[in-house]
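Commentary on secondary and tertiary structure
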Amino acid sequence: MAEILAALRSLMSSHSPPLHALVVPSEDYHQSEYVSARDKRRDFVSGFTGSAGLALITMNGAFLWTDGRYFLQAAQQLSDQWKLMRMGEDPAVDIWMADNLPKDAAIGVDPWCISVDTAQKWERAFAKKQQKLVPTARNLVDEVWKDQPPTETNPLIVHPLEFAGRSVADKLKDLREKLVKEKTRAMIITALDEVAWLYNVRGTDVSYSPVVHAFAIVTLNSTFFYVDKRKLSSEANSYMKENGILVREYGEVSSDAVLLASDQLTPSSVDKTPTGSSRHTETDCGKADLIWVDPGACCFALYLKLNADKVLLKQSPLALAKALKNPVEMEGLKNAHIRDGAAVVQYLAWLDKQMQEIYGASGYFAEAESMSKNKLKDSRRLTEVSASDKLEEFRASKEHFRGLSFPTISSVGSNGAIIHYSPEAGTCAELDPDQIYLCDSGAQYLDGTTDVTRTVHFGKPTPHEKTCYTAVLKGHISLGIARFPNGTTGYALDVLARTPLWKYGLDYRHGTGHGIGSYLNVHEGPQQISFRPSAQNVPLQASMTVTDEPGYYEDGKFGIRLENVLIVKEGNTKFNFGDKGYLTFEHITWAPYQKKLIDLSLLVPEEIQWLNDYHSKCSEILAPYLNQSEMDWLKKATEPVSA
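Residues numbered from 1 in each chain as written. Predicted model: local features only at pLDDT ≥ 70, side-chain atom pairs only at ≥ 80, totals over all residues. Heavy atoms only, no water.

This next bit is on the overall build of the protein. Across its full length, the protein carries 20 helices and 28 strands. At 26 Å, the protein has a C-alpha radius of gyration in line with the 26 Å of a compact globule built from 643 residues. Along the first, second and third principal axes, the C-alpha set of the protein runs to 75 × 55 × 50 Å. Each of the 643 residues in the protein was classed as buried or not, and the buried ones make up 60%. (Helix = DSSP H or I, 4+ residues; strand = E, 2+ residues; numbered from the N terminus. Rg over C-alpha atoms; globule rule 2.2 N^0.38 Å. Buried < 20%, exposed > 50% of the residue type's maximum accessible area, 1.4 Å probe, protein only.)

Encoded structure:
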């Protein structure tokens, strides 16, 4: 690590102009949350492997900013050459740089790896001391990363209409109508899941996210796709041609953005309107002269190639269009979650049996201390990784399975308090019947993406653990049964999941819910349920998806989280105050809650009724996917409870 920092500082000092600081973001050229191995530059320089964070290297210091999900993990992974900066507690990175770097300081960053929003925010912060943001011509980390993984060249996959539910022509028509409405003549699309959704394509360039590294430019009359052409089979090329999409090399987006800025970008090999395009004239759009760019998703590098006064900086219309699931996507998501729920139940039943056989645990249903660890009945051992591998095995047996949707968080005891803990084979913990086990996992299926968390104990939970679990469950139920008027944001609903925890002075440092893709990214916006101000931006709407995942984490001891995926639907309330229309949620995740972790005396009748109803549906819906012993286990796990 010291050698990497020394090499970077040497490049910083020889840079023109010399750099006082170098920013190394987590993101790739598309501002992705999860990136390919080649793009994990922040991991490489800092040793911190979490999905969110930012590294700052100065001539005499190294700093890593990350959010509350990763405080414990970062503290464990960073060497003593790095200082951990806790978002929400320490000054934000732009404020810190403005206050701590000298007047006229030059702060370097690869402009492809930073969004327009972030770059402009930093430039405003730097202005008071005449500091300047310097876009580097090359990525300095790439210069010192000698064994950087190669660029991915995996084949592009056409996503069939039977799963996508809407044609490319239909989506392009809607997009162009929005371009006309906003008096824009083109849009540059950079978010990988938006490109994939718009063109009905998928890929395997990024682990866990079925996307392909690509950009898109859509004008009123033409459609461009920027991708490594080696990824396209003859069938994929035919598909692009049929849909009027002109395929260009990935790197050509840079020069084409310059052409677009001067209104010279046209299909070079096509002298008529491509098939699937609709011809728009200047009259349609009232002298449309703007180019639409999403400031939160578009990289600064492409923005710098445009005329700033001719750019509309506004959230991509594709974000909301993608979030509003069509009927085919909705049905697919429900079916995927049923198969996924069956896999989770198979796993829990298997794990229950293993914990009893190997560790002498009382198991999923009974409450008793386990036998002493030095009296194991079996030479086998279960670890966080070997257990999660078994869960993946169950999922892999299901129809349309295409892989996991994120690295499984399989965590026992104190590891559960690390919110986004990622176990590794050589260093992970052995399962322990006397400690809480938290498993947050999900899968990619052709018809939907899943994300589910259950927390269990195979021994005798303490009264405190039960109280904490029950408070999390009460918050989970409270949000899951909410009814609210149209126009309500996730910011307003977040408190419902936290109130039962606040009663005890407890809380959690992450948001409560995120959207989920349709065989796309497991984290999807623009909607969210969170205390963060950004959750105020987009009201929840019918046919959106959102997770419901409150938790509680006690450092050094345990973690608890419960998570279901919900679909927002019409509320069908008795009254309709203000003629707003009301919304509610439909749970589509099916897996039991562990009854022995619940302090039933803390539940009110409505919560007990909800739990029994959910468990009854769970048993009924999953029955066709389970063998007799698994079904017997589930019947016991879902037997009704009473106060």
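To continue, consider the nonpolar core. Membership of the largest hydrophobic core comes to 81 residues, with the highest contact counts inside it found for Tyr347, Leu351, Tyr437, Phe585 and Leu622. No other element matches helix 15 (residues 327-359), which puts 13 residues into this core. In this view, Phe585 contacts Leu479, Gly480, Ala482, Phe484, Leu493, Ile529, Leu540, Val546, Leu566, Ile567, Val568 and Lys569; residues no more than four positions away in its chain are not counted. In terms of nonpolar packing, the next biggest core, distinct from the first, is built from 45 residues, Leu56, Val253, Cys299 and Val311 among them. (Core = buried A, V, L, I, M, F, W, Y, C linked by side-chain atoms within 4.5 Å. Contact = heavy atoms within 4.5 Å.)

Another point: the domain arrangement of the protein. The domain boundaries assigned to the protein delineate domain 1 (1-144), domain 2 (157-266 + 287-323) and domain 3 (402-638). Taken over C-alpha atoms, the centre of domain 1 sits 34 Å from the centre of domain 3. The interface of domain 1 with domain 3 comprises ten residues on the first partner and eleven residues on the second. Between domain 1 and domain 3 lies a buried interface of about 970 Å² when both sides are counted; carbon and sulfur atoms form 58% of it. The largest share of the area that domain 1 buries against domain 3 comes from Tyr34, Arg69 and Leu72, three residues that together contribute 52% of it. Connecting domain 1 to domain 3 are zero salt bridges. (Domains from an automatic or database assignment. Buried area = accessible area lost by both parts, 1.4 Å probe. Salt bridge = Lys/Arg side-chain N within 4 Å of Asp/Glu carboxyl O.)

The contact between helix 15 and helix 16 (residues 384-396) brings their axes to 8 Å, and the two run at 140°. Judged by the inter-axis angle, helix 15 sits oblique to helix 16. Pair helix 15 / helix 16 crosses with right-handed handedness. Across from Asp340, Ala343, Val344, Gln346, Tyr347 and Trp350 in helix 15, the residues of helix 16 making contact are Ala387, Ser388, Lys390, Leu391, Phe394 and Arg395. Looking at the contact of helix 15 with helix 16, its residues break down into seven nonpolar, two polar and three charged. (Axes fitted to C-alpha atoms, helices over the stretch in contact; angles between N-to-C directions. Parallel < 35°, antiparallel > 145°, perpendicular 65-115°, else oblique. Left-handed = near helix turned anticlockwise from the far one by under 90°. Nonpolar A, V, L, I, M, F, W, Y, C, P; charged D, E, K, R; others polar.)

This part takes up the side chain of Asp440. By the element assignment, Asp440 lies in strand 17 (residues 437-441). Asp440 gets classed as buried once you look at its relative accessible area, which sits at 5%. There is a polar contact of 3.1 Å between the side chain of Asp440 and the side chain of Thr453. Setting aside chain neighbours within four positions, we find Asp440 in contact with Phe406, Thr408, Ile409, Asp451, Val452, Thr453, Glu549, Arg561 and Glu563. (Polar contact = N/O pair within 3.5 Å; in protein donor to acceptor, adjacent residues only side chain to side chain.)

Close reading of the predicted structure is inappropriate where its pLDDT is low. Scored by pLDDT, the protein comes out at a mean of 94, with 95% of its residues at no less than 70. Counted against residues more than four places away or in other chains, residues 269-279, with its pLDDT under 50, gives 20 contacts. Across residues 281-285 the pLDDT falls below 50, and counting only partners more than four positions away or on other chains, this stretch makes six contacts in the model. (pLDDT = per-residue confidence, 0-100.)

Here we come to the side chain of Asp494. Relative to the elements of secondary structure, Asp494 occurs in helix 18 (residues 490-502). A distance of 2.6 Å separates a polar atom in the side chain of Asp494 from a polar atom in the side chain of Arg498.

Here we take up the sheet that holds strand 15 (residues 401-404). As summarised here, the arrangement of the three strands in space is 15-18-19, forming an open sheet in which the pairing is antiparallel. At either margin of the open sheet sits one strand with a lone partner, and together these are strand 15 and strand 19 (448-449). Pairing analysis gives three bridges linking strand 15 to strand 18 (residues 443-445), with the strands arranged antiparallel. Paired with Phe401 across the bridge in strand 18 is Tyr445. Contacts between helix 16 and the sheet are confined to strand 15 and strand 18, with strand 15 contributing the most and set at about 165° to the helix. (Pairing = 2+ DSSP bridges.)

This part takes up helix 9 (residues 192-199). With eight of eight residues buried, helix 9 is to be regarded as a mostly interior element. What helix 9 keeps buried is the set Leu192, Asp193, Glu194, Val195, Ala196, Trp197, Leu198 and Tyr199. Looking one or two residues past helix 9, Asn200 carries a phi angle of roughly 50°, positive in sign.

In total, this model carries 34 salt bridges according to the counting rule given. Across the pair Asp263 and Arg185 runs a salt bridge, and its minimum N-O distance is 3.3 Å. Here Arg185 lies in strand 8 (residues 184-189) and Asp263 lies in the loop between helix 11 (253-261) and helix 12 (282-285), a separation of 78 residues in the sequence. The closest approach of N and O atoms between Asp289 and Arg185, which form a salt bridge, is 3.4 Å. Within this pair, whereas Asp289 is found in the loop between helix 12 and strand 13 (290-293), its partner Arg185 is found in strand 8, the two being separated by 104 residues in sequence. Asp289 sits in the partly exposed class, given a relative accessible area of 31%.

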